[in-house]
Amino acid sequence: MPPLEWRAFQVMEHRPHLYLVDRFMNQQPFTGHTRRRQTRYAVHLVDRLARWLIAAGGIGTIVAVSLVCVFLLWVVLPLFLPATIDTQSSAKIAWSSDAPRHIALDEDQLLGYALLADGSLVSFRPDTGEEVGRLEFLKAGPPTAAAFDPGDARGAFGFADGTVRLANIQFTTAFIEPAELPDRLRALRAGDVATFDQAMLTRTSAGQFRLRRLVAELEPPVAITPSAAIERIDYSARPSGEMFCVLSADGRLELHEAHHRENLLTGETIVETTGSTLPWNPPAGKGTPDYLLLSDQGDHVYTAWQDGTLLDFGTRDVDHPKLGEPIDLVPEEGQRLTALRFLLGKGTLLAGDSLGRVRAWFGIHGVDEGTDDAAQLVMAHAFAGPAAVGGGAPVEVRCLTASGNSRLFAAGYSDRSLRLYYPTNERLVLDTSLRADAAPERLAIAPRDNGLLVLAGPELVHAGVDPGYPEANLRALFWPVWYEGSPGPSLVWQSGSGSAGSEPKLSLVPLIFGTLKATFYSLLFGVPLALGAALYTSEFMRPPLRAKIKPALEMMASLPSVVLGFLAGAVVAPFVEGSILTIVCSFFTVPTALVGGAYLWQLLPHRVTLSAGRWRVAMMCLMLPLGVLWSIGCAPWIERTWFAGDIVAWLDGQVGVGAGGWMFLLAPLVALVVAWLMLERVQPRLRCKFADWPRRVWTVVDLCSFLAGLAAVLVISWLGGTVLDALGFDPRGQVPSTLEGTRTALGIVGTYAPRNALVVGFVMGFAIIPIIYTIADDALSTVPDHLRSASLGAG
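Residues numbered from 1 in each chain as written. Predicted model: local features only at pLDDT ≥ 70, side-chain atom pairs only at ≥ 80, totals over all residues. Heavy atoms only, no water.

Visitor: So, the overall build of the protein chain: which residues are in play, and what are the values?
Guide: Scanning the protein chain for helices and strands turns up 17 helices and 36 strands. Against the globule reference of 28 Å for 795 residues, the protein chain gives a C-alpha radius of gyration of 40 Å, more extended than a compact globule. Counting only C-alpha atoms, the protein chain reaches 125 × 80 × 70 Å along its principal axes. Looking at the 795 residues of the protein chain, the share that counts as buried comes to 39%. (Helix = DSSP H or I, 4+ residues; strand = E, 2+ residues; numbered from the N terminus. Rg over C-alpha atoms; globule rule 2.2 N^0.38 Å. Buried < 20%, exposed > 50% of the residue type's maximum accessible area, 1.4 Å probe, protein only.)

Visitor: Report on the pairing of strand 19 (residues 309-314), specifying residues and quantitative values.
Guide: Counting buried positions along strand 19 gives six out of six residues, so the element sits mostly inside the fold. Side-chain alternation along strand 19 places Thr309, Leu311 and Phe313 on one buried face and Leu310, Asp312 and Gly314 on a second face that is also buried. Both strand 18 (residues 300-304) and strand 19 contribute to a ladder of five bridges, which runs antiparallel. Residue Tyr302 lies in a different strand from strand 19, and its bridge partner there is Asp312. Here two bridges tie strand 19 to strand 21 (residues 327-328), and the two strands are oriented antiparallel to one another. Paired with Thr309 across the two strands is Asp328, which belongs to strand 21. (Pairing = 2+ DSSP bridges.)

Visitor: Give me the lowdown on the nonpolar core, citing residues and values where you can.
Guide: Val576, Leu581, Cys585, Ile638, Phe643 and Ile647 are the most contacted members of the largest nonpolar core, which has 22 residues in total. Counting residues per element, the ones that place at least two in this core are helix 8 (561-578), helix 9 (580-603), helix 12 (623-642), helix 13 (647-651), helix 14 (659-689) and helix 16 (757-781). Once you skip the residues sitting within four places of it in the chain, Ile647 turns out to touch Ile580, Leu581 and Glu639. In terms of nonpolar packing, the next biggest core, distinct from the first, is built from 18 residues, Tyr422, Ala436, Leu443 and Val454 among them. (Core = buried A, V, L, I, M, F, W, Y, C linked by side-chain atoms within 4.5 Å. Contact = heavy atoms within 4.5 Å.)

Visitor: Mind laying out the pattern of salt bridges, listing which residues take part and the relevant values?
Guide: Inspection of the entire model under this criterion finds 32 salt bridges. Residue Lys346 is joined to Asp234 by a salt bridge in which the shortest nitrogen-to-oxygen separation is 3.4 Å. You can see Lys346 sitting in the loop between strand 22 (337-342) and strand 23 (348-353) and its partner Asp234 sitting in strand 13 (residues 230-238), a full 112 residues away along the chain. Both residues of the pair, Lys346 and Asp234, belong to the buried class. For Arg788, the salt bridge identified is with Asp785, shortest N-O distance 3.3 Å. (Salt bridge = Lys/Arg side-chain N within 4 Å of Asp/Glu carboxyl O.)

Visitor: Quick rundown of unusual backbone geometry? Include the residues and the values.
Guide: Phi is positive for Lys346, close to 55°, though the residue is something other than glycine. Assessed through its relative accessible area of 8%, Lys346 is described here as buried. A positive phi is found at Glu426, a non-glycine position, where the angle reads about 55°. Relative to the assigned elements, Glu426 resides in the loop between strand 28 (417-422) and strand 29 (427-433). What makes Glu426 partly exposed here is its relative accessible area of 31%.

Visitor: Summarise the environment of Asp725; cite the residues concerned and give the values.
Guide: The topology assignment puts Asp725 in helix 15 (residues 695-726). Each C-alpha atom of the pair Asp725 and Gln376 lies 30 Å from the other, and the pair is 349 residues apart in sequence. Apart from the residues within four sequence positions on either side, Asp725 is in contact with Val657, Gly658, Ala659 and Trp662. There is a polar contact of 3.0 Å between the side chain of Asp725 and the backbone nitrogen of Gly658. (Polar contact = N/O pair within 3.5 Å; in protein donor to acceptor, adjacent residues only side chain to side chain.)

Visitor: An account of the packing of helix 9 against helix 15 is needed here, citing residue identities and associated values.
Guide: For any two helices packed against each other, one specifies the crossing angle of their axes together with the interaxial distance. One way to put it is that helix 9 packs onto helix 15 with a least axis distance of 9 Å and a crossing angle of 165°. When the axes of helix 9 and helix 15 are compared, the pair comes out roughly antiparallel. When the axes of helix 9 and helix 15 are compared, the crossing they make is left-handed. Here Thr592, Val595, Tyr599, Trp601, Gln602 and Leu603 of helix 9 lie close against helix 15, whose contacting residues are Arg695, Arg696, Thr699, Val700, Asp702, Leu703, Phe706 and Leu710. Taken together, the residues of the contact of helix 9 with helix 15 break down into eight nonpolar, three polar and three charged. (Axes fitted to C-alpha atoms, helices over the stretch in contact; angles between N-to-C directions. Parallel < 35°, antiparallel > 145°, perpendicular 65-115°, else oblique. Left-handed = near helix turned anticlockwise from the far one by under 90°. Nonpolar A, V, L, I, M, F, W, Y, C, P; charged D, E, K, R; others polar.)

Visitor: Describe in detail the sheet that holds strand 32 (residues 459-466), supporting the description with residues and values.
Guide: The four strands lie next to each other as 1-32-31-30, forming an open sheet whose pairing is antiparallel. Both outer strands of the open sheet, strand 1 (84-92) and strand 30 (442-445), are each paired with one neighbouring strand and no more. The sheet shows a mean angle of 15° between the axes of neighbouring strands, direction not considered.

Visitor: Could you give an account of the side chain of Asp777, naming the residues involved and the relevant values?
Guide: Tracing the sequence through the fold places Asp777 in helix 16. If we skip the residues at most four places from it in the chain, Asp777 touches Ala534, Thr537, Ser538, Arg546 and Lys550.

Visitor: Lay out the sheet that holds strand 3 (residues 112-115) in plain terms, naming residues and giving numbers.
Guide: With antiparallel pairing, the four strands of this open sheet are ordered in space as 2-3-4-5. Unpaired on one side and paired on the other, strand 2 (102-105) and strand 5 (131-135) mark the two borders of the sheet. Direction aside, neighbouring strands of the sheet carry axes that sit 20° apart on average. When strand 2 meets strand 3, the two strands line up antiparallel, connected through four bridges.

Visitor: Describe in detail the state of the cysteines, supporting the description with residues and values.
Guide: Enumeration over the complete set of coordinates arrives at zero disulfides. This cysteine, Cys634, is not joined by any disulfide, and Cys585 carries the nearest cysteine sulfur, 4.5 Å off. (Disulfide = S-S within 2.5 Å.)

Visitor: Please set out the packing of aromatic side chains residue by residue, giving values where relevant.
Guide: Enumeration over the complete set of coordinates arrives at 19 aromatic pairs. On the basis of an interplanar angle of 55° and a centroid distance of 5.5 Å, the ring pair of Phe525 and Phe766 is categorised as tilted. With Phe525 in helix 6 (residues 509-539) and Phe766 in helix 16, this pair connects stretches of sequence that are 241 residues apart. Taking the relative accessible area as the measure of exposure, Phe525 reaches 23% and is therefore partly exposed. (Phe/Tyr/Trp six-rings, centres within 6.5 Å; stacked < 30°, edge-to-face > 60°.)

Visitor: Go over the pairing of strand 8 (residues 163-176), please, and point to the residues and values.
Guide: As paired elements, strand 7 (residues 154-158) and strand 8 share five bridges and run antiparallel to each other. Counted as the bridge partner of Gly155 is Ala167 from strand 8. If you look at the hairpin formed by strand 7 and strand 8, you'll find four residues sitting between the two strands, and Gly162 has a positive phi there, around 85°. As defined by bridge partners, strand 8 adjoins strand 12 (residues 222-223) across two bridges and the pair is classed as antiparallel. Bridge pairing in strand 12 links Val164 to Val222. Where strand 8 lies against strand 11 (residues 209-218), 10 bridges are found, and the strand directions are antiparallel.

What follows is the structure, given as structure tokens:
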């Protein structure tokens, strides 16, 4: 044998795989003659070009995903940046010798106004303190009491003659022609400002001249108590009408609702009021309260004194007001209340004291379930003030103001410090010191929350502020937050609300939990179907039919998730809502029917099962509609027996007891325990005892054990649910508590929502079936035949 053929023979005999590789790589036949081939240059070029394109595509994908991550970080990072002060100017004012009763800013911070003690309105420049104009607003005499809405555009004033007048105070904008201006003002550059005709003149970037002016409109007087002066007043604007409460010098506390009517003959607006007198009886030795506050809806009237005592009048039923228990806002001995006002929305009270603290109080509804006006004030948030320097006297709160645009509020302290807080997440937004010689006496936040106006003695301080995003921090995103009106801290996501005073609820925990829950239910629904279909098509289905079924299932992945979500909300959700208990029962009846069909198949004679083996799957599928019919038949009886005839009302807690819900919740756990006992304890003993018995007898014994296990699951679940219900536990969210007989939320099941996890799991399960099916089918199809034969040989 030639040497070359002998070498090939040796390689093929001892290492055949090396021989094949050698032949393939070298193209060398047994004859020893090698055929010379040369790859064309175009093929090399295309190969290199494809290699470069594939590499560039892969690198580009990585870069694109990385840029998306960088962009997300770039967008999210500003949420956690601290607030900053852009500018701070200080100026002496000459237009008032006494402290004004109220100050405010316009939205562009070009003009501010102050209500003086004599009743006049002064408009001024915030940056220089220069007086721009003066309105003899209240010519009849100075007001004895004044109150403003959170937006500073509407106010109520009480007078010594016992009358009340409502007023609109706002900044108006108008454009003026250059010909109407003097020569020195026409030369203004874009962005420059100047005073003109008791207004602020600005030149816009388009070259127009814009005038910002303070306008006040006083409505006709309303007689409340003709014989006594108004000492305290507060005002609230409701969607259904305006309300104000007054405390007169003769000790009358009244609540009134204002109605506006236009005289068709004269065009004059007439203000009429309807109201009632509250049972005002101040505690002994208290005298006139220092604060009078009216809630946003007019359902609560608060009076407070400097010693911290607060009285709450429930006025939801005006004809039968209710006086609550007194509350001590400052329980420390010798300390006093220094500031009290509402937050935006007038549902939260901000109380500042002589210890430098600011505490937020709001009402919790549902404390006394037997009353209609069940609300109790609780202290939900506390903010410590600046620490005293050198062990001196505590730094006290001098003044408070709340934003008219958000839930921000500012506090001024006796050490000339100024702090900006966001109470929902208890965040200190800004901490700064004033460039003034005195402590702040009046505060105002710009309408866009981008500026602060501070009156400190004869000095006016104006600061430009960038608050950032005070509502977003790690506490608000991931920790329980105590929201206004809630009984305690909670994790809530609410993207928006129709009320300006509502709190943004930004907890990501419900979103994360909801995503995980939807994923779990989707996998619970889609994985068994996808794996079962992949196993059947790869192992049992004929190749021609598999070639048609697999592409059809993979085409399901092209359905957009938005379309599936629309179908879920428009089609699936209404269907599930109408037959919720039938669907829940089908999770028990359909598997039971399939297992029962398998036992019935085994009861058939052996020769019949052999001849009809090809129809076994089709006959098993006939049990599916039987299981569905079973659930349809038993669902009404279960609903009448366990859920008081209405499962939706039962979930809302309106009817029924908790035994039925516990039975359904315990059934899967009990079924797992019973199945484990049957497989580990009962089945081995049955096999030993009935090993020699015929196949049909063994099937009957196995069927009886299955029915016995099913009965055990039902009985144990029923007993467990009955016992838990007898102990006072309710799966709808109530468990007994040893604290003063109250009840605490458990929340295993809750109020029925049309777009629930069942609907999401069903629809998204169909979305993930093609992906899981394709991966599983490819994995099963690539199993080598010798491994498949070995597994069959091993049984």
